[in-house]
Amino acid sequence: MVEVVRHDIVIVGGGGAGIRAAIAAVEADPKVTVALVSKVYPMRSHTVSAEGGAAAVVPGSDDSLDKHAYDTVKGSDFLADQDVVDYFVEQAPLELTRLEHWGCPWSRNDDGSVATRPFGGMQIPRTWYAADKVGFHMLHTLFQHCMRFDRIVRYDEYFVTKLLVDGGAVKGVAALDMREGKTRVVLGRAVILATGGAGKCFPFTTNGTIKTGDGMALAYRAGVGLKDMEFVQYHPTGLPGTGILITEASRGEGGYLINSEGERFLVTRDYGVGQKAELGPRDMISRAIMQEISAGRGIKGAYGEHVQLDLRHLGEAKIMKRLPFVRELSKTYAGVDPVHQPIPIRPVVHYMMGGVDTNVTGATDLPGLYAAGECASVSLNGANRLGSNSLTECLVFGARAAIEALKYARGTSEGNETALRRQGEEEMARIDALRGRKKGGERISQIRREMNLAMERGCGVYRDQASMQQTVAEVAQLKGRYADLALEDSSKVFNTEILTALELGNMLDVAETIAVAALARQESRGAHACRDYPTRNDQKFLHHLLVFFTPAGPRLEKKAVTITRFQPEERKY
Amino acid sequence: MARLADPRAMSPSRPGRTRTAPPVMPPLFPARGRYRSYMLFGACCVFFLLSSLLFLRVVDALAAGPEAWDDLLRQFRHPLYLAYNVAALAGFVFTARRFFFQLFAKSQPPRIGPLPRPPLAVLPPLLGAAWVAATALIFCILWGAFP
Amino acid sequence: MKHLIARLEPVIWALFGGGFFVGCLLMPAFIFMLCIAAPLGWLPEGALSYERAHALAANPIGRLALFVLIVLPFWNGANHLRHFVIDLRGIRSDGVVAPACYAAALVVTGIAAVAVGKL
Amino acid sequence: MSDRQKKTFVITRFDPDKDEVPKTQTYEIPVRPDWKVLDALNFIKDEVDGTLSHRWSCRMAVCGSCGMMVNGEPKLTCKTALSDYGDTVEVGPLSNFPVIRDLVVELEGFMEKFKAVKPWILRAKEKAPEEGVYRQSPAELEAFKQFSMCINCMLCYAACPVVGNEPDYLGPAAIALGHRYNLDSRDEGDAERNQVFREEGGVYSCSYANECSEVCPKNVDPAAAINQAKFLAVVDWAKSFVSPRSRKK
Ligand SMILES: Cc1cc2nc3c(=O)[nH]c(=O)nc-3n(C[C@H](O)[C@H](O)[C@H](O)COP(=O)(O)OP(=O)(O)OC[C@H]3O[C@@H](n4cnc5c(N)ncnc54)[C@H](O)[C@@H]3O)c2cc1C
Ligand code: SF4
Ligand code: F3S
Ligand code: FES
């Protein structure tokens, strides 16, 4: 028998988006209880690793909502839905202010107001920061604040494996309780997915090991479309090897990118970033670096070729004040002290613009299912996200999704418990059958490694039709091999092997949607740079792509982009 | 295997849902590594207790008159007393070192009411100077040079 | 009793901290001069003759100094001993050790007050 | 593989369903010179023995999941270079914690202590977001900034002798966090938190071993926080006689 618990709203994911949603729900209604289900203790969520900052117009400055909206739309290569962008820029200042009231230690100007720094693709410094540990401070502030609400009931180290659907609407989730190794059913009248990104589909990524696209796979399997999956953001400055991020703030604070000849190539050569140089958007700078390397101006290292990020001219005092974490990371993971040496960097997978298709309210097409944060694609980021928009996105749309979910929950039934329980039992049986299953098959790591390589080959910074085709085929074949994976660990308590196996299954689903969508987009837009179609094609591709699950394989569908104020124009800086 | 810690250490108020292995103390505790100097520091409390009692005797002797006083000084000449006092002196100096130079400065809050704290870096030298001054003063007084 | 001690913890800690201060700052010099140098005859003739010593001690500042020099280090020692025992034996013994330590410190405080008063 | 060197790992294993008490298991694996301890554990898990359980996520020393005992010292395994150790490396679960499985320890006890210090802004009257941010000078920020850097990695708990001997003790990270809010110019809850600090197992249980600060990977210096808190709790206590229920500002 599975154990069943019941709450009003179930939130899957305890990162920035999930916790913000939980707080919004209990604040909006003095009676609701919220289940906050997370596969790690919330303060371990990967929001913790965000370094650079969160964007919002500072009220009373010479910035304006319009400028922020325009930057975001232009950054997205005109694939953002502009109604979403308008709502976002309007709510952003309120959300960051709220966080300030909750204790977030934002860095300050001398007069006591919050300080901002410039960020790539933004005309005006509007990125709020707390030194270079913004995500860390935001997540801990949110988590600590959420502790004051007893109606937020946490289910820590519960791995959600299935959305439970009854009568065409989502009524809860089945989750594997890691501690006991038992599947449990958490019921609610609405479910919000906030499970973060899927960078771990790729070999070199800034993402932590928990970012395996679980929420995307959950929704996909439940029949919801995944949108804009082909747009994978490469961050220009990751450490070679580990992929650890050196924040964009290091360029915002004045760092230079240099090649093997010590040349500031973003200034001396034309890569379309114009005057902005190092402060150009990420997609363009990543491509510039790849071109420098192809032109033979890269530096050889133990983990392939790279270029360098030079902070030496900033001086020790400024580095220690504004970028202490960058210094710590460089020393520990690259063995260089940026005060005295340039840091080796290369583009690494960073962020998924795509995700579970939602509208501006965070609702998906499946009644009762909402999504927010990186796992959702509310269409704020389009084809390329501007750095520092996504932390704010987690807050704005986390809160919005919670309010909408609450509204929806008030008007819907609790679902048929017997039927839901039966689904939970089936899920339990499926998972128990996996445990310790020795089939003479392959190791998890083998399949994961091959998936990683296939994704890098076909869905890298530059893509071409032939290799994308190959990647699609390879991933499909890996899914077949996954079906008889070998598992060694038959124990129940804290069996992390079964977790890795389930995560790999999710990643394979997500990887497939990425590759399929990328192959279909025969143009170059934002983060999707296709060698065979090097220009943007608004005639044929000014629309989103949705990928749906069918037993026969992924099915694609178009979805219109909402364009209101800003008409597409050439994207030049 | 290190020794066991209190079985309730870091346990939740309601026991976890699965059986756990009991907590163990940090492996080097109490006798090795930095713990040794911490435990020595702790053991120095004996000197605080005994020397305090010794000074009580001093006061008592002073109150009782010249014979008692001379008697006390004579007793102090006993090797056991001398040995204790030398050890105590070492203990106090050891304690003072740890307290003044490692522990004291950083335990001062950034402000107490309206008073901001002086820069942390100046506190240990300040304490050192105070120690020298106090010691010199006491030396002078008991040497007979002053007042 | 446990409860009472818990409530008094701030005072005890203040005395403990004061004990460190006084102990570290003054004790070494006093021990050296009074307990080592004087008995070994290293001090000049008459420096610690009964008359001079008594005169020094009985003056108000002297009395205060001696009182503080006895009482604060004892509180320090008492509290530190309690924690030292916890470190060695765990909290199990604290129900006995803590009251014993602090009772002793109270007694010493009382005796010291009387003794200093009699000077 | 030529740049790889062999190292032996002695790892504590415990499966509550099979083992009465924890035991150790030895693995000899090839390591790369730039690997951290965590990389070796992941290699063992991926390629040698899938039954090994440990927590990790960010591999960049910020999520706080991967704290373990490495050769008897609490360490963040993702930050600890293998090159700092000889041919044999011992890895075990954090001391002072009950062990759930292999290298995974019980965190629920900590979560209770964490909540007990009320780690959120307490104010008599809260401001609406539309009214804008609170002013806070860089100096006011500096006053608590260091104590807000804690990643809850639990290394300090594993090192502190009092934690192992006095189960009610709130412990270094929790107190540092409470103190962080007490020092925040936006907060008015210090009287409430000082109450908690003065209770049994509060700040006065700390005997200033300073081990917490020695092992903290983020230079939070919890020992400083606790001992500052002791001082302020005395001041607060004294004030409560002058004006009962006096609140800050
Ligand atoms: C290194 C790095 C630096 C970044 N820097 C910035 C920046 O400076 N500015 C900016 O705006 N953005 C930045 N980003 C992006 C931003 O941090 C993320 O987009 C954002 O934090 C995502 O938050 P989230 O709440 O959606 O997901 P996460 O924080 O990733 O949280 C996901 C949660 O879901 C839970 N979960 C996942 N799967 C399951 C499951 N199956 N069952 C149960 N629970 C599950 C996890 O436990 C976790 O709690 C950065 C990202 C990275 C990786
Ligand atoms: S205070 Fe330091 S050691 Fe303790 S949990 Fe926080 S970061 Fe870790
Ligand atoms: S190690 Fe423990 S005793 Fe206090 S100073 Fe740190 S908490
Ligand atoms: S893995 Fe996140 S701190 Fe080590």
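Starting from 1, residues in each chain are numbered consecutively following that chain's sequence as written. Chain letters and ligand numbers both follow the written order, the letters beginning at A and the numbers at 1. Reporting in this predicted model follows two pLDDT cut-offs: at least 70 for local features of residues, and 80 or more for side-chain atom pairs to be given and counted; totals over whole chains, interfaces and linings ignore these cut-offs and use all residues. To get the side-chain values, all heavy atoms of the structure are used, and hydrogens and water are removed first.

Turning to the interface of chain A and chain D, a few remarks are in order. Each partner contributes residues to the interface: chain A has 71 residues there, and chain D has 70 residues. Approximately 5700 Å² of surface area, both sides summed, lies buried where chain A meets chain D, with 51% of it carried by carbon and sulfur atoms. Among the residues chain A hides against chain D, the three largest losses belong to R44(A), H101(A) and Q144(A). Together they make up 12% of the total. Salt bridges are defined by distance alone: a side-chain nitrogen of Lys or Arg within 4 Å of a carboxyl oxygen of Asp or Glu. In this assembly, chain A and chain D are joined by 11 salt bridges. In this structure, R101(D) engages D489(A) in a salt bridge whose closest nitrogen and oxygen atoms are separated by 2.8 Å. Contacts are assigned to residue pairs that have any heavy atoms within 4.5 Å of one another. Two parts placed together each lose some accessible area under a 1.4 Å probe, and the buried area is that loss summed for both.

Looking now at the sheet that holds strand 5 (residues 116-117) of chain A. Residues and elements named next belong to chain A. For two strands to pair, DSSP has to find at least two bridges joining them. To qualify as a helix, a DSSP run of H or I must reach at least 4 residues; to qualify as a strand, a run of E must reach at least 2; elements of each kind are numbered from the N terminus. With respect to topology, three strands assemble into an open sheet ordered 4-6-5, the strand pairing being antiparallel. Lying at the two open borders of the sheet, with one neighbouring strand each, are strand 4 (54-55) and strand 5. Sheet topology note: the strand 4/strand 6 (residues 127-128) ladder contains two bridges and is antiparallel. Within strand 6, the position partnered with A55 by the bridge is T127.

So, about a nonpolar patch on the surface. Patch rule: a residue counts if its relative accessible area is over 30% and it has no salt bridge; like charges are joined within 9 Å, and nonpolar side chains (Val, Leu, Ile, Met, Phe, Trp, Tyr) within 5 Å. Here the accessible surface of atoms and residues is derived via Shrake-Rupley with a 1.4 Å probe, and residues count as covered only by protein chains that are part of the display. Judged by side-chain polarity, M1(C), L4(C), L8(C) and V11(C) come together as a nonpolar surface patch covering roughly 360 Å² of accessible area. Considering the arrangement of structural elements, one finds L4(C) in helix 1 (residues 2-37).

Now for helix 5 (residues 214-221) of chain A. All names here are of chain A. We call a residue buried when its accessible area falls under 20% of the maximum for its residue type, exposed when it is over 50%, and partly exposed in between, using a 1.4 Å probe and counting protein chains only. With seven of eight residues buried, helix 5 is to be regarded as a mostly interior element. All of the buried residues in helix 5 are D214, G215, M216, A217, L218, A219 and Y220. Looking one or two residues beyond helix 5, the residue adopting positive phi is G223, at roughly 100 degrees.

Residue and element names in this part refer to chain A. Here we have five strands laid out as an open sheet, ordered 7-3-2-11-19, and parallel in their pairing. Unpaired on one side and paired on the other, strand 7 (152-156) and strand 19 (369-371) mark the two borders of the sheet. Mean inter-strand twist for the sheet, computed between neighbouring axes without regard to direction, equals 20 degrees. Inspection of the sheet shows strand 2 (residues 9-12) paired to strand 11 (residues 190-193) by four bridges, in the parallel sense. Each bridged residue has a counterpart across the sheet, and for I11 the counterpart in strand 11 is I192. Fitted lines through C-alpha atoms serve as axes, helices being fitted only where they are in contact, and the angles separating the N-to-C directions of these axes extend from 0 to 180 degrees.

Turning our eyes to something else, we now look at the interface of chain B and chain A. Listed as interface residues are four residues of chain B and, on the opposing side, six residues of chain A. Roughly 430 Å² is buried in total at the junction of chain B and chain A, and carbon and sulfur atoms are behind 43% of that figure. Here chain B is connected to chain A by two salt bridges. Among the salt bridges present, the one from R17(B) reaches E180(A), with a minimum N-O distance of 3.7 Å. Identification of polar contacts relies on pairs of N or O atoms within 3.5 Å, with a donor-acceptor requirement for protein atoms, meaning one able to donate a hydrogen and the other able to accept it, and with residues adjacent in sequence counted only if both atoms are side-chain atoms. At the boundary of chain B and chain A, one finds two residue pairs in polar contact (both at pLDDT 80 or more). Just so you know the grouping, Ala, Val, Leu, Ile, Met, Phe, Trp, Tyr, Cys and Pro go in nonpolar, Asp, Glu, Lys and Arg go in charged, and all remaining residues, Gly too, go in polar. Looking at side-chain class alone, the side of chain B that touches chain A contains no nonpolar, three polar and one charged residues.

All names here are of chain A. Each assigned domain of chain A is listed here: domain 1 (237-348) and domain 2 (429-543). Here the limits of each domain have been adopted from an automatic or database domain assignment. Using C-alpha coordinates to define each centre, domain 1 is positioned 29 Å away from domain 2. Contacts between the two partners involve seven residues from domain 1 and, on the opposite side, six residues from domain 2. Both faces considered, domain 1 and domain 2 share a buried interface measuring about 470 Å² in area, 60% of it formed by carbon and sulfur atoms. A per-residue breakdown of the area domain 1 buries against domain 2 is headed by D283, R287 and M290, which together make up 71% of the total. Joining domain 1 to domain 2, the criterion identifies one salt bridge. When the shortest N-O distance is used, the salt bridge between R346 and E456 registers 3.6 Å. The interface formed by domain 1 and domain 2 includes two residue pairs in polar contact (both at pLDDT 80 or more). Of all the elements in the fold, those that place two or more residues in the side of domain 1 that touches domain 2 are helix 8 (282-294) and strand 17 (343-352). Broken down by element, the residue count for the side of domain 1 that touches domain 2 peaks at five residues, all from helix 8.

When two helices pack together, their arrangement is given by the angle between the helix axes and by the axis-to-axis distance. Residue and element names in this part refer to chain B. Contact geometry for helix 2 (residues 45-64) and helix 4 (residues 79-104): axes closest at 10 Å, N-to-C directions at 125 degrees. Considering the angle they form, helix 2 stands oblique to helix 4. In this structure, helix 2 crosses over helix 4, and the sense of that crossing is left-handed. For the pair helix 2 and helix 4, the contacting residues are V46, F47, F48, L50, S51, L54 and R57 in the first and Y81, Y84, N85, A87, A88, G91, F92 and T95 in the second. Looking at side-chain class alone, the contact of helix 2 with helix 4 contains 10 nonpolar, four polar and one charged residues. An angle below 35 degrees is read as roughly parallel, one above 145 as roughly antiparallel, one from 65 to 115 as roughly perpendicular, and any other as oblique. Two helices cross in a left-handed way if the nearer one is turned anticlockwise from the farther one by less than a right angle. They cross in a right-handed way if the turn is clockwise.

Residues and elements named next belong to chain A. Throughout the structure, instances matching the rule amount to 89 salt bridges over all chains. In this structure, the salt-bridge partner of E230 is R521, at a minimum N-O distance of 2.5 Å. With E230 in the loop between strand 12 (226-227) and strand 13 (232-238) and R521 in the loop between helix 15 (496-520) and strand 22 (529-530), this residue pair connects regions lying 291 residues apart in the sequence. For E230, a relative accessible area of 0% puts it in the buried group. A salt bridge links K407 to E404; the nearest nitrogen and oxygen atoms lie 3.7 Å apart. Of this pair, K407 and E404 both sit in helix 11 (residues 389-410), three residues apart, which is roughly one turn of that helix. A single salt-bridge network, built from bridges that share partners, covers D77, E230, D283, R287, R521, E523, R525, R536, D538 and R571.

So, about the site of ligand 1. Residue and element names in this part refer to chain A. Proximity criterion: a residue is near a molecule or strand once any of its heavy atoms comes within 4 Å of it. Residues in contact with ligand 1 amount to 39 residues; listed here are only the nearest, S38, S45, T47, S390 and L391. A distance of 2.4 Å is found between an oxygen atom of ligand 1 and a side-chain nitrogen or oxygen belonging to T47. Taking 990 Å² as the accessible area of ligand 1 by itself, protein coverage stands at 99%. Considering each element in turn, the shell around ligand 1 owes the most residues, four residues, to helix 11. Among the residues forming the shell around ligand 1, the class breakdown is 13 nonpolar, 20 polar and six charged.

A few words now on unusual backbone geometry. The residue after F29(B), namely P30(B), is reached through a cis peptide bond having omega 0 degrees. Along the chain, the position of P30(B) falls in the segment before helix 1 (34-43). Unusually for a residue other than glycine, N71(D) sits at a positive phi of about 45 degrees. Within the secondary structure layout, N71(D) lies in the loop between strand 3 (67-70) and strand 4 (73-76). Residue classification places N71(D) among the partly exposed positions, given a relative accessible area of 35%. Here D102(D), not a glycine, exhibits a phi torsion of approximately 35 degrees, which is positive. Along the chain, the position of D102(D) falls in the loop between strand 6 (99-101) and strand 7 (104-105). Given a relative accessible area of 1%, D102(D) falls into the buried group.

As a further point, take the packing of helix 1 of chain C against helix 3 (residues 60-89) of chain C. Residue and element names in this part refer to chain C. For the pair helix 1 and helix 3, interaxial distance at closest approach is 6 Å and the crossing angle is 120 degrees. On the basis of their axis angle, the class for helix 1 and helix 3 is oblique. The handedness of the crossing between helix 1 and helix 3 is left-handed. Broken down by class, the residue content of the contact of helix 1 with helix 3 amounts to 14 nonpolar, six polar and two charged.

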